[in-house]
Amino acid sequence: MKQVAAVVAAVGILAAVTCGVSAASAGLGVGVDPTGLWIVSALAETALSPSFDLRAEVGFAVSEGTSGLMLAMTSILFHMPTPPVDPYAGLGVGAALTPPPYTSAIVFEAVGGVRIPLFEPVGLLTQARYLVRWSASGWTMGPVFEAGLFAVF
């Protein structure tokens, strides 16, 4: 549990830095995994360099029977804009926080996606995340497919 608390604190600090220093974009998304779990997410990103972004993302499960599941992630994204799209890939770490009887866990992710500008300053993002979760009950893993809208500041 101390590991999860440390990861949550780190994600919170990075999210505060990302949003407070100069978030480059913020957005809302909806994702689903193959088991039918639906997650609504909020994210903020800031540019670290022309090719690397730092992302903080928090997601909440909205499927019946999983209320209370929250994912808090921080990811480093590499992207190479090729107008009209901006493809990206990255790695992240975070926590899956769940109420009893489920266990909270440390989560690692690989993410790949594309940002598509719709009109200034709004765009669409689509992504696939592969989450690997480690908890007291063992390893679980699987994809989450997401789409959402973002605004560039």
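Residues numbered from 1 in each chain as written. Predicted model: local features only at pLDDT ≥ 70, side-chain atom pairs only at ≥ 80, totals over all residues. Heavy atoms only, no water.

Give me the lowdown on the pairing of strand 1 (residues 25-32), citing residues and values where you can.
Every second residue of strand 1 is oriented toward a common face, the buried set being Ser 25, Gly 27, Gly 29 and Gly 31 and the non-buried set Ala 26, Leu 28, Val 30 and Val 32. Here eight bridges tie strand 1 to strand 2 (residues 38-47), and the two strands are oriented antiparallel to one another. Bridging across to strand 2, Gly 27 finds its partner in Leu 43. Two successive antiparallel strands, strand 1 and strand 2, enclose a turn made up of five residues, where Gly 36 displays a positive phi of approximately 95°. Sheet topology note: the strand 1/strand 8 (residues 138-152) ladder contains eight bridges and is antiparallel. In the strand pairing of strand 8, Gly 27 is matched with Phe 150. (Buried < 20%, exposed > 50% of the residue type's maximum accessible area, 1.4 Å probe, protein only. Helix = DSSP H or I, 4+ residues; strand = E, 2+ residues; numbered from the N terminus. Pairing = 2+ DSSP bridges.)

So what about the pattern of salt bridges? Which residues, and what values?
With the rule as written, the count across this model stands at eight salt bridges. The closest approach of N and O atoms between Asp 53 and Arg 115, which form a salt bridge, is 3.3 Å. With Asp 53 in strand 3 (residues 52-61) and Arg 115 in strand 6 (residues 105-119), the pair connects residues that are 62 residues apart, well separated along the chain. Take Asp 53 and Arg 115: they sit in the same class, and that class is buried. In this structure, Glu 57 and Arg 129 form a salt bridge, with 3.4 Å as the shortest nitrogen-oxygen distance. You can see Glu 57 sitting in strand 3 and its partner Arg 129 sitting in strand 7 (residues 122-135), a full 72 residues away along the chain. (Salt bridge = Lys/Arg side-chain N within 4 Å of Asp/Glu carboxyl O.)

Before we move on, can you summarise the nonpolar core with the specific residues and values?
Residues Leu 37, Ile 39, Ala 61, Leu 69, Leu 71, Met 73, Ala 96, Val 107, Leu 131 and Val 144 constitute the largest nonpolar core, which totals 10 residues. Each residue touching Ile 39, except ones within four places of it in the same chain, is listed here: Gly 29, Val 30, Gly 31, Gly 59, Phe 60, Ala 61 and Leu 71. Counting residues in each nonpolar core, the second largest holds six residues, with Tyr 88, Val 111, Leu 125 and Phe 150 among its members. (Core = buried A, V, L, I, M, F, W, Y, C linked by side-chain atoms within 4.5 Å. Contact = heavy atoms within 4.5 Å.)

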